[in-house]
Amino acid sequence: MHKEIERFSRKAKEYKEALLLAPDSRILEIIPIIAILDGIVKKIGIPKKELKIVDLMAGNGYLSSLLYDNGFYNITSIEACNQMSFGAEIFKKITLYPIPDITVAPHIIRSINPNVIISVASFHHLIEYSNEGNISVNKSIKFQEEVICNCMEAMNDLGIMIIADLSDISGNIKVKKIDDLDIWGESTITDMTIYDSDISRWLTKSDDKKGMEWYKNAVNRNYYVDDNCNFSLKWFRDIVNTNTKIGHDDIALSNTLIESVSKSHEVFYEKYACPWVFDSLELLKKFIFKKFGFNVNEQNAISMEDCFSFAQQLGGINEQRDTATFGWDLGLVVIKKKNALFSQKTIEKNVQFMLVGICVVLILLLIAKAGMAKVYLDIGFIFQTLLAFFFGGLASHALNKTKN
Ligand SMILES: C[S@@+](CC[C@H](N)C(=O)[O-])C[C@H]1O[C@@H](n2cnc3c(N)ncnc32)[C@H](O)[C@@H]1O
């Protein structure tokens, strides 16, 4: 079993209990994703409930469940850790696909043919090791790229992949921004249904902006977050990894990954602050203590108060009005196929159409010739028959190839 999956199997119980304590706390991670999905359904002109979505590395379905509550009903969740997915209490209405490991996912995705694949807080766990058993950054990034490209390949030409995850991306990266996506025209998330809470009230106070710019304005207006903070990475590397028995490794989203993927695909990227929001400080304390597995393997565990004071020291705790927030930030990556018209799959399909066309024309010519001349065995007739069989064979071979 992959080391990361084994880690999750040990902390799954606590992780799931934490999410149940405050199911809406991570909503800001998901809001930009829902806004993008809204834009996509409006652009392709289908009802929300029909948009086919795959939640990749779904855990116990946090994202799937929120999407479902927002009217996206066609969701398949794919997860490799049984302890994470089994008995996923907040997750009842969604189809779960257990997989032995991530390399199987593209095959399942091909059979689903989704419009969108989404992966939240998971890609940094795709870690590869050297022969000596040490984490290999290069191998990990190569593997992450392979997973992305295989998933993209498994979708049709209009398929889109969205990844929200820890980001180690620095400097000016030469890809488009999320606001450059051509979906923002009509997109709004003011019709989000489930957040009868403070968050929904301040989000709906629109200020004539759209997309990420609007989201960032709204979050800043309410939580005064520091866009440059990189709190999530520091929290994992300086606190969780060193103070929990289970530890935490990551290969966060990197410049190398994004730049490599952008050679073969169209990539949009942006970092966003998405603080976790709680009704009280007490709830926040319990949540982070459990979610990050501080109390797993209790013998050497640190106390809930220690865990909280680490978060305070790192500047991650903010109290305002009736809410307490835990600083959080992720990188958002949207991947589309480049020049969908000239993609490999489209070329293969066009070749199939051409071959089938030639085959049909030859057969029609044969029928016409046979009908007119009533001669069945002249050389031209035999030659044309052979050609028809030849092109028919090629067409069926090409058809089989794209089906597989
Ligand atoms: C932090 S959880 C996120 C779960 C869910 N997406 C969420 O946001 O709550 C990461 C998930 O990735 C899965 N995972 C971790 N490492 C993996 C690997 N190497 N291959 C496949 N899945 C992995 C874990 O089982 C876990 O469910």
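See the structure printed just above.
An account of the accompanying structure is given in this report. (Residues numbered from 1 in each chain as written. Predicted model: local features only at pLDDT ≥ 70, side-chain atom pairs only at ≥ 80, totals over all residues.)

1. As for the sheet that holds strand S7 (residues 276–278)
Part 1 of the reasoning: Across the sheet, three strands lie side by side as S7-S9-S8; this open sheet has antiparallel pairing. The open sheet is flanked by S7 and strand S8 (317–320), the only strands paired with a single partner. Across the sheet, the mean angle separating the axes of adjacent strands is 25° when strand polarity is ignored.
Part 2 of the reasoning: Of the pairings in the sheet, the one linking S7 to strand S9 (residues 323–326) comprises three bridges and is antiparallel in character. Each residue of the ladder has a partner; that of Trp 276, found in S9, is Phe 326. (Pairing = 2+ DSSP bridges. Helix = DSSP H or I, 4+ residues; strand = E, 2+ residues; numbered from the N terminus. Axes fitted to C-alpha atoms, helices over the stretch in contact; angles between N-to-C directions.)

2. Some remarks on the site of the ligand
Part 1 of the reasoning: Not every one of the 20 residues close to the ligand is listed here, only the nearest: Glu 4, Gly 59, Tyr 62, Cys 81 and His 125.
Part 2 of the reasoning: The element that contributes the greatest number of residues to the shell around the ligand is helix H1 (residues 3–21), accounting for three residues.
Part 3 of the reasoning: Counted by class, the shell around the ligand contains 13 nonpolar, four polar and three charged residues. (Near = placed C-beta within 6 Å. Nonpolar A, V, L, I, M, F, W, Y, C, P; charged D, E, K, R; others polar.)

3. With respect to the pairing of strand S10 (residues 329–337)
Side-chain positions along a regular strand alternate between the two faces of the sheet.
Part 1 of the reasoning: Among the nine residues of S10, eight are classified as buried, and the element is accordingly described as predominantly covered.
Part 2 of the reasoning: Here strand S5 (residues 160–165) pairs with S10 via six bridges, running antiparallel. Residue pairing in the sheet places Ala 164 in a bridge with Leu 332 of S10.
Part 3 of the reasoning: As defined by bridge partners, strand S6 (residues 265–273) adjoins S10 across nine bridges and the pair is classed as antiparallel. If you follow Phe 268 over to S10, its bridge partner there is Val 334. (Buried ≥ 20, exposed ≤ 12 C-beta atoms within 10 Å, placed from the backbone.)

4. A look at the environment of Ala 370
Part 1 of the reasoning: The residue Ala 370 is located in helix H13 (residues 344–373) in this model.
Part 2 of the reasoning: What makes Ala 370 partly exposed here is the crowd of 13 C-beta atoms within 10 Å.
Part 3 of the reasoning: Taking C-alpha positions, Ala 370 is 8.2 Å from Phe 381, a pair spaced eleven residues apart along the chain.

5. Considerations on the environment of His 124
Part 1 of the reasoning: Tracing the backbone shows His 124 in the loop between strand S4 (116–120) and helix H6 (137–153).
Part 2 of the reasoning: Of the residues examined, His 124 has 24 C-beta atoms within 10 Å and is grouped as buried.
Part 3 of the reasoning: For the pair His 124 and Ser 140, spaced 16 residues apart in sequence, the C-alpha to C-alpha distance is 9.1 Å.
Part 4 of the reasoning: Setting aside residues no more than four positions away along its own chain, His 124 makes contact with Asp 165, Leu 166, Asp 250, Ile 251 and Ala 252. (Contact = placed C-beta atoms within 7 Å.)

6. A look at the environment of Leu 51
Part 1 of the reasoning: Along the chain, Leu 51 turns up in the loop between helix H2 (27–44) and strand S1 (53–56).
Part 2 of the reasoning: On the basis of neighbour counts, which here come to 21 C-beta atoms within 10 Å, the residue Leu 51 falls in the buried class.
Part 3 of the reasoning: Not counting chain neighbours up to four residues away, the residues in contact with Leu 51 comprise Leu 37, Ile 40, Val 41, Ile 46, Phe 72, Asn 74, Asn 115 and Val 116.

7. Digging into the nonpolar core
Part 1 of the reasoning: In this structure, Ile 162 and Val 334 are the most contacted members of the largest nonpolar core, which totals 102 residues.
Part 2 of the reasoning: When residues in this core are grouped by element, the largest group, eleven residues, is from H2.
Part 3 of the reasoning: If we ignore the near neighbours within four places in the chain, the residues touching Ile 162 are Ile 33, Ile 36, Val 116, Ile 118 and Val 334. (Core = buried A, V, L, I, M, F, W, Y, C linked by C-beta atoms within 7 Å.)

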